[in-house]
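So the chains spell out like this:
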Amino acid sequence: MRRKKNDRDGEVRKGDKLIQDGDLVIVYETYKQMKAVTVTKNGEFQNRYGLFMHNDWIGKPFGCKVTGKKGGFVHLLAPSPQLWTLVLTHRTQILYIMDISFVLAYLEVRPGCVVMESGTGSGSLTTALARATAPTGHVYSFDFHEQRAEAARKDFERTGLSSFVTVTVRDIQGEGFPEEFANEVDAVFLDLPQPWLAIPSVAKSLRADSPVCSFSPCMEQVQRTCEALTTKEFRDLRTFEVLLRTYEVHEECLGTDLGLDDSVNNDNDSESAVRSPRSSPPHKRLCSVESKVIDSEEDQTQVSSKDNLMEKGPKKGRSRGEQLPSSLYPIVARPEAEAKGHTGYLTFARRAV
Ligand SMILES: C[S@@+](CC[C@H](N)C(=O)[O-])C[C@H]1O[C@@H](n2cnc3c(N)ncnc32)[C@H](O)[C@@H]1O
């Protein structure tokens with residue numbers, strides 16, 4: 001697995017979607033740093049890797065690597081819903097991809113569905129709902145906060161989803177969902193502070209046998225929502241917590257004393273005796289020296305840790321701790337130290353027939 005072979009410096013292949021003036025691209029700087037940028041003729045993008053001209057991006061395929069004026073580079077990615085959750089403007093707490101994917105699956109959202117949700121918030125879930133219901137379905141999203149609703153509408157314009165979403169300003173806890181949706185809706189999603197107040201109007205809106213989901217960070221909210229759902233109008237009540245374990249992938253340089261001259265291998269300290277080529281098989285002699293997070297390469301690669309586990313050997317032959325050529329770096333994966341913990345509980349129920 002060598003990344004260089006996968007890199008595409010603008011080479012166009014059959015079927016590629018090409019970047020055009022007005023397109024939204026996700027500028028991938030490192031795996032923890034991305035920005036949403038709208039490409040404009042004669043536009044510029046500046047970051048710590050240099051100045052990039054939008055004109056150089058137009059006509060290149062999504063996914064390509066582009067170089068700036070000073071030789072730094074970025075990748076230009078298509079704005080998928082999962083990337084969008086990482087770059088969108090956070091006006092509120094948002095749903096992330098592990099909860100979103102679970103919600104889409106359990107709400108059985110598919111093209112043609114009519115889905116209602118409240119509140120819209122930053123539109124993170126709404127974006128995924130719109131992508132899943134398009135082109136024949138529709139998402140009706142409600143938020144009582146006017147500025148937030150307006151900002152979300154602008155985001156949907158930007159992501160090209162505005163014809164699949166209608167954002168309306170309404171107090172759903174106070175007024176419920178509009179009567180005109182009675183028995184018309186295939187799925188409802190609630191992300192509200194007091195979702196139990198909206199449950200009677202959810203019961204009216206849902207078609208028979210259709211699902212509802214409520215997202216709440218606290219167990220007390222879940223308990224009250226479950227109480228509200230424990231009526232003859234709902235069945236199949238279930239609550240889940242979804243936890244995601246992500247892995248960091250590293251190219252890890254393994255220092256080896258293979259090739260060290262005898263003065264190094266035959267010294268008398270006990271550690272090197274254990275590592276002597278004559279007393280242990282080769283893999284036992286490998287020691288981790290340093291690792292790099294795979295988020296960019298060569299000059300842009302950041303060494304994430306320098307936990308040199310070997311003593312430095314004398315500078316004869318190949319010294320201990322010396323890096324192997326990069327073509328020999330094995331790839332290793334480790335769970336991320338800062339894995340996301342609890343986000344919330346997802347409570348599902350189904351409208352009784
Ligand atoms: C946590 S945010 C929703 C985030 C959204 N699910 C996302 O993924 O981006 C909660 C939203 O509910 C809205 N809200 C709170 N109470 C409301 C109510 N009574 N009626 C409608 N919206 C409400 C807030 O204005 C806020 O935007």
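Every value quoted in this text rests on a predicted model; they were computed, and no experiment measured them.

### Points about the pairing of strand β7 (residues 114-118)
With five of five residues buried, β7 is to be regarded as a mostly interior element. Burial along β7 is two-sided: Val-114, Met-116 and Ser-118 facing one way and Val-115 and Glu-117 facing the other are all buried. As paired strands, β7 and strand β8 (residues 138-143) are joined by five bridges and run parallel to one another. For Ser-118, the partnering residue across the bridge sits in β8 and is Phe-142. Strand direction decides the pairing type here: β7 and strand β10 (residues 187-190), joined by four bridges, are parallel. Each bridged residue has a counterpart across the sheet, and for Met-116 the counterpart in β10 is Val-188.

### Concerning the packing of helix α3 (residues 97-106) against helix α4 (residues 124-133)
Across the interface, α3 lies against α4 with an axial gap of 10 Å and an inter-helix angle of 40 degrees. Taken as axis vectors, α3 and α4 run oblique relative to one another. Here α3 runs over α4; the crossing is right-handed. On the side of α3, the interface is formed by Ile-100, Val-103 and Leu-104, while α4 contributes Ser-124, Leu-125, Ala-128, Leu-129 and Ala-132. Looking at the contact of α3 with α4, its residues break down into seven nonpolar, one polar and no charged.

### Some words on the side chain of Thr-85
Of note, Thr-85 is situated in helix α2 (residues 81-87). With relative accessibility at 2%, the residue Thr-85 sits in the buried group. Excluding residues that lie within four positions of it along the chain, Thr-85 makes contacts with His-90, Ile-94, Leu-95, Tyr-96, Ile-100 and Ser-124.

### Points about the site of the ligand
Looking at the ligand, there are 23 residues lining it, with Asp-143, Arg-148, Asp-171, Ile-172 and Asp-191 nearest. Contact distances for the ligand include 3.1 Å between an oxygen atom and a backbone N or O atom of Leu-95. Gly-121 places a polar main-chain atom, nitrogen or oxygen, 3.5 Å from an oxygen atom of the ligand. Those elements that provide at least two residues to the shell around the ligand are α4 and α6 (172-175). Of the residues belonging to the shell around the ligand, the class tally is seven nonpolar, 11 polar and five charged.

### Side note on the environment of Val-242
As for its placement among the helices and strands, Val-242 is situated in the loop between β12 (234-241) and β13 (247-255). Residue classification places Val-242 among the buried residues on the basis of a relative accessible area of 12%. Sequence separation of Val-242 and Ile-100 is 142 residues, and the distance between their C-alpha atoms is 10.0 Å. With residues up to four places along the chain from it excluded, the contact list for Val-242 reads Met-98, Asp-99, Phe-102 and Leu-346.

What counts as what
- Residues numbered from 1 in each chain as written.
- Predicted model: local features only at pLDDT ≥ 70, side-chain atom pairs only at ≥ 80, totals over all residues.
- Heavy atoms only, no water.
- Buried < 20%, exposed > 50% of the residue type's maximum accessible area, 1.4 Å probe, protein only.
- Helix = DSSP H or I, 4+ residues; strand = E, 2+ residues; numbered from the N terminus.
- Pairing = 2+ DSSP bridges.
- Axes fitted to C-alpha atoms, helices over the stretch in contact; angles between N-to-C directions.
- Parallel < 35°, antiparallel > 145°, perpendicular 65-115°, else oblique.
- Left-handed = near helix turned anticlockwise from the far one by under 90°.
- Contact = heavy atoms within 4.5 Å.
- Nonpolar A, V, L, I, M, F, W, Y, C, P; charged D, E, K, R; others polar.
- Near = heavy atom within 4 Å.
- Polar contact = N/O pair within 3.5 Å; in protein donor to acceptor, adjacent residues only side chain to side chain.

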